[in-house]
Amino acid sequence: MPASPIRKLVPFADAAKKRGIKVLHLNIGQPDIATPQVAIDSMHNLDLKVVEYSHSAGNESYRKGLTEYYEKHGIAVTPDQIIVTNGGSEALLFGIMATLDPGDEVIIPEPFYANYNSFSVAAGAIVVPVRCVIDDGFALPPIAEFEKLITPRTRAILICNPGNPTGYLYSRAELERLRDIVKKHDLFLFADEVYREFCYDGAEHVSALTLEGIEANTILIDSVSKRYSMCGARVEL
Ligand SMILES: Cc1ncc(COP(=O)(O)O)c(C=O)c1O
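Residues numbered from 1 in each chain as written. Predicted model: local features only at pLDDT ≥ 70, side-chain atom pairs only at ≥ 80, totals over all residues.

Caption draft 1: Representation of the packing of helix 5 (residues 87-99) against helix 6 (residues 115-122) in the model. In contact at an axis separation of 9 Å, helix 5 and helix 6 are set at 40 degrees when each is read in the N-to-C sense. Comparing their axes, helix 6 and helix 5 come out oblique. For the element pair helix 5 and helix 6, the recorded crossing hand is right-handed. Between helix 5, through S89, L92, L93 and I96, and helix 6, the contact on the second element is made entirely by N115, F119, S120 and A122. Across the contact of helix 5 with helix 6, the residue classes tally to five nonpolar, three polar and no charged. (Axes fitted to C-alpha atoms, helices over the stretch in contact; angles between N-to-C directions. Helix = DSSP H or I, 4+ residues; strand = E, 2+ residues; numbered from the N terminus. Parallel < 35°, antiparallel > 145°, perpendicular 65-115°, else oblique. Left-handed = near helix turned anticlockwise from the far one by under 90°. Contact = placed C-beta atoms within 7 Å. Nonpolar A, V, L, I, M, F, W, Y, C, P; charged D, E, K, R; others polar.)

Caption draft 2: Expanded view of the sheet that holds strand 5 (residues 218-221). Pairing in this open sheet of five strands is parallel, and the strands run 2-1-3-4-5 from one edge to the other. Only two strands of the sheet have a single neighbouring strand rather than two, namely strand 2 (126-131) and strand 5. For this sheet, the mean angle separating the axes of adjacent strands, direction not counted, is 25 degrees. Pairing analysis gives six bridges linking strand 1 (residues 105-110) to strand 2, with the strands arranged parallel. Note on strand 2: the bridge partner recorded for I107 is V128. Here helix 5 sits on the sheet in contact with strand 3 (154-160), strand 4 (188-192) and strand 5, set at roughly 160 degrees to strand 5. (Pairing = 2+ DSSP bridges.)

Caption draft 3: Spatial organisation of the site of the ligand. Around the ligand lies a shell formed by G29, G87, G88, S89, Y113, C160, N164, D192, V194, S223 and S225. Sorting elements by how many residues they give to the shell around the ligand places helix 5 first, with three residues. (Near = placed C-beta within 6 Å.)

Caption draft 4: Here's a closer look at helix 6. Of the positions making up helix 6, those classed as buried are Y116, S118, F119 and S120. Of the surrounding secondary structure, the elements contacted by the buried residues of helix 6 are helix 5, strand 1, strand 2 and strand 3. Immediately beyond the C-terminal end of helix 6, within one or two residues, lies G124, with a positive phi of roughly 75 degrees. (Buried ≥ 20, exposed ≤ 12 C-beta atoms within 10 Å, placed from the backbone.)

Caption draft 5: Region of interest: the confidence of the model for the protein chain. When the pLDDT values of the protein chain are averaged, the result is 91; 96% of them are 70 or greater. With pLDDT under 50 throughout, residues 230-237 is counted as low confidence; its partners more than four residues away or in other chains account for 20 contacts. (pLDDT = per-residue confidence, 0-100.)

If you want it as structure tokens, here you go:
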């Protein structure tokens, strides 16, 4: 397993702090916003006698609440289409392991969130990067670039939208081009949308789950670690 490049920096940051240097962490995805009070209150008011096993897909009441959250974002899902995991990382790992065999290839626009590499290596899958360039703000490369990389072992395309680390937000037209190639080659589309709520200047996020024709191919990855609205209870900032 390759070490996470983010975690590799930790000892350097720790040593610098010990030398009295102020370190600004630009590495982990920790939003600088308060955790919603409703979440903090729920933790404090928890009245459990036994911490027991829950449903393996996640408590149904929670999955129902999530469908309301997604509905507000124009995403139609049912509770039985959701699997609750310990964070987006576990969802990525389980998703990749469930769909890719050792030696299978996943195409990922680069630069990408470093752990996509670790999760793929853990599954024995091979990351095939497709280069995005700063000159056009890291836009989706032409579909011809994807076509060139497709082999009999290609099983999936993984996108991060909005992108970590680029911040790039895919347009509907770009996503539809991706949809066409996913459909043509019957691939899985992993859409990591954990930063869905971090869109600026009035730009609107388009979810991969709103693309018609690839509903059965699309796996949406999400995480409450980046959320400031929860299950419909939008927190005023
Ligand atoms: C793009 C992206 N996907 C997934 C994750 C993992 O999310 P979690 O912290 O819920 O495991 C992160 C975390 O920073 C991330 O930046």
